[in-house]
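Examination of the molecular architecture
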Amino acid sequence: MKGVRNMDALAFKQKKKSGWSIEESKELYGIQNWGAEYFDISDEGNIVIKAPFESSKVAVPILDIVEGMQERGMEMPTVLRVANLLDDRIKSLNESFHRAIEEYDYQNVYRGVFPIKVNQQCHVIEEVADFGVAYNHGFEAGSKAELIIAITKLKDEKSLIICNGNKDSEFIELGLYAKEMGIKCFFVIETLTELPTILECSRRLGIEPLLGVRVRSTVKVDGHWNNNSGDRSIFGLSTTFLIQMVEDLKQAGMLHCLQLLHCHLGSQIPNIRSIRSGVLETCRFYIGLVEEGAPMGYLDLGGGLAIDYEGLRENRTHSMNYEMDEYCVNIVETITESLDPLNIKHPVIVTESGRSIVASSSLLIFNILDVRDHRPVPLPAKLPEDHHELLANLWEVNEIINDKNFHTCYNDALHYRDELRHQFYLGQISLSNVAIGDNLTLSVLDKVAGFASKRERVPEELENLSELLSDVYYGNFSLFQSLPDVWAIDQVLPVMPIHRLNEEPTREAIIADITCDCDGKIDLFTTPDGIKSAIPLHTLKDDEEYYLAVFLVGAYQETLGDLHNLFGDTNVVSVKIHEDGTFSFEKEFHGDSIADVLSYVEYDTKIMTEEFRKSCENAVREGRITAPRRKQMMKAFKESLDGYTYFEKEEY
Ligand SMILES: Cc1ncc(COP(=O)(O)O)c(C=O)c1O
């Protein structure tokens, strides 16, 4: 499969170009691979969101939405949430399970729960709750705060609330009251020490709990989050403690409360075979508990349904080798094959899919503020009279380089450049000479990259040269706030321009964020040929903003983000696309102001304003500024406190 893609890519590169077509952009950025379901490129060269409706899909250009945001005063960067896409994922998952259940004549139902931790934002949760009613889609809560969200937002009594994580008596009381109100709220026992607290609260309030238990799977899955499985997993009960818990429940006369088995193998599981093995083992645990006399009835397989961020359909960390339908069929089939021979009733199937439900519904949009072009500046006609002899050597290398000697020239140029720098440290060469040397070296490397790219086999040390010589596009966003997984775990997310896709992108670039941190950059990009460390982008135009979007960011990114350099939450806009092709701004949230982020780190902006006022007043008294200037300064200070933490365009 990969080989075929490479051949396609080669054919694409060799094709004689007359102008640039949107088909070429589709191929270049691989949008059909990672986004075909919901994104495409219009004939005008804009990315469109394809909102699914009963009869067809309705396409809306992202640029139109951006223009609408700007008319309403919403600056970049902005997280755009598309409610239609979130709804469609809930629908797809439930309908996939329903189809598998019918196909295998499975004698029970599917009940999904959305893990609140994956995106706790109120509007997302409300959308899941509203749309989820049709499918009895509930919530998974991992803390007291999340349980409060689940209890208050859930709209449907047939939906489940699954409580994972460590639970104190406050947590348990809340869950017991929810059960008494008629909500199917399960406590999943994660450690043996939790059980006595649950039993004590239950006795005290006179409410019997719905109990589940989390087992520690021994199946080691592929992917980044495989620590949730295997013997060293920090979650779940071992077989020894599982039996101990059953005994404790028997002794307390409460075994009849144990109805659910939970097993979460990990998030983003790229290999369907690991999922199948995990489900098989979980079924064995389920059978064991039935044999121990527990009533059971619910099998909760946790999260793990992946997103194909790379669009390669392969068993790779950021990809997946299966479709959603296949996932559901594998689960249903494995359960029936395991339980039917023993005549054990089919349980309600529960999954806690988070990423797969919410990732595609959000994208981060930002503008490019500046570009650092790595090309050498034009060389002088000749070297200055007082040039160092090392410069003459570099000059010659730059003159004689050709398609045969370019590897030797590469080594020579680096040698002379390093020598120049060494002499500079020793104070034996001037800054202006070093600057000429650096530019000459860049000129040589540029030529080397050009010659190397024409070779079928490139020496290893030159393989990444064109990427090393790529430009830096400075984006108006903070990686740490909006894309924390890119920094923390090298998450690969699709990135591309949202417009100008009928123009050829002529520059290769990496994208740096607005924080002054060398880690604040995106330098891993999905392409149909695999992961690359630079992305083709367009040159900036003087009179037009250049917008990029990072796609599939709805899962985990908003919640895990932090305040590095005190860049706060971005603006968020939730849109709903209508069947007639119009769209409405359902919700708008203005991102943090500077005063907001200062207060998060315990500054009192009233005190700061007073401190600034005092400094200004002193300056007036000492004659350094005038009173009207003081007034101007105070105004600017207060406006800054109210302003957005990101780069704002000046309005005169
Ligand atoms: C217990 C539990 N359930 C569900 C999930 C969600 O997993 P995913 O986003 O892969 O569906 C997680 C996340 O790791 C989890 O820890």
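Look a little higher up for the structure.
The structure contained in this document is the topic of the report that follows. Predicted model only: the values in this text are computed from it and were never measured. (Residues numbered from 1 in each chain as written. Predicted model: local features only at pLDDT ≥ 70, side-chain atom pairs only at ≥ 80, totals over all residues. Heavy atoms only, no water.)

**Focus: the sheet that holds strand S2 (residues 47–52)**
Heads up, the condition is: For two strands to pair, DSSP has to find at least two bridges joining them. Strands here are runs of E lasting at least two residues and helices are runs of H or I lasting at least four, both read from the DSSP assignment and numbered beginning at the N terminus. To define axes, lines are fitted to C-alpha atoms, for helices over the stretch in contact only, and angles between the resulting N-to-C directions are given on a 0 to 180 degree scale. Residue contacts follow a heavy-atom distance rule, with two residues in contact if any of their heavy atoms lie within 4.5 Å.
Judged by pairing direction, the sheet is antiparallel, and its 3 strands sit side by side in the order S1-S2-S3 without closing on themselves. Two strands bound the open sheet, and with one partner strand each, they are strand S1 (39–41) and strand S3 (57–61). Mean inter-strand twist for the sheet, computed between neighbouring axes without regard to direction, equals 35°. In the sheet, S2 pairs with S3 via 5 bridges, with the strands oriented antiparallel. Bridge pairing in S3 places Ala51 opposite Val58. Sheet contacts for helix H4 (residues 62–71): S2 and S3; angle to S3, the most-contacted strand, approximately 55°.

**Looking at the sheet that holds strand S8 (residues 184–189)**
Strand order in this closed barrel of 8 strands is S5-S6-S7-S8-S9-S10-S11-S12, and the pairing throughout is parallel. Adjacent strand axes in the sheet meet at a mean angle of 25°, parallel and antiparallel pairs treated alike. Relative to strand S9 (residues 210–214), S8 runs parallel, the two sharing 4 bridges. Bridge pairing in S9 links Phe186 to Leu210.

**Quick notes on a nonpolar patch on the surface**
Note the following rule: Patch membership is restricted to residues that have no salt bridge and whose relative accessible area is over 30%. Joining uses 9 Å for like charges and 5 Å for the nonpolar side chains Val, Leu, Ile, Met, Phe, Trp and Tyr. Residue burial considers only the protein chains on display, and all accessible areas are found by Shrake-Rupley using a 1.4 Å probe. Throughout this description, the term salt bridge denotes a Lys or Arg side-chain nitrogen within 4 Å of a carboxyl oxygen of Asp or Glu.
Where nonpolar side chains cluster on the molecular surface, the patch consists of Phe424, Tyr425, Leu426 and Leu431 and spans about 470 Å² of accessible area. Within the secondary structure, Phe424 sits in helix H15 (residues 406–425).

**Some remarks on the packing of aromatic side chains**
Basically, it comes down to this: Any two of the Phe, Tyr and Trp rings considered here, Trp counted by its six-membered ring, make a pair once their centres fall within 6.5 Å; the pair's planes then place it as stacked at under 30 degrees, edge-to-face at over 60, or tilted in between. Burial classes: relative accessible area under 20% of the type maximum marks a residue as buried, over 50% as exposed, and values in between as partly exposed (1.4 Å probe, protein chains only).
This model, assessed by the stated rule, comprises 16 aromatic pairs. Where Phe612 meets Phe637, the ring centres are 4.3 Å apart and the plane angle is 10°; that geometry is what we call stacked. Of this pair, Phe612 sits in helix H22 (residues 605–621) while Phe637 sits in helix H23 (residues 627–642), and the two are 25 residues apart along the sequence. A relative accessible area of 26% means that Phe612 is categorised as partly exposed. Joined through ring pairs, the aromatic side chains of Phe97, Tyr110, Tyr322 and Tyr327 make up one cluster.

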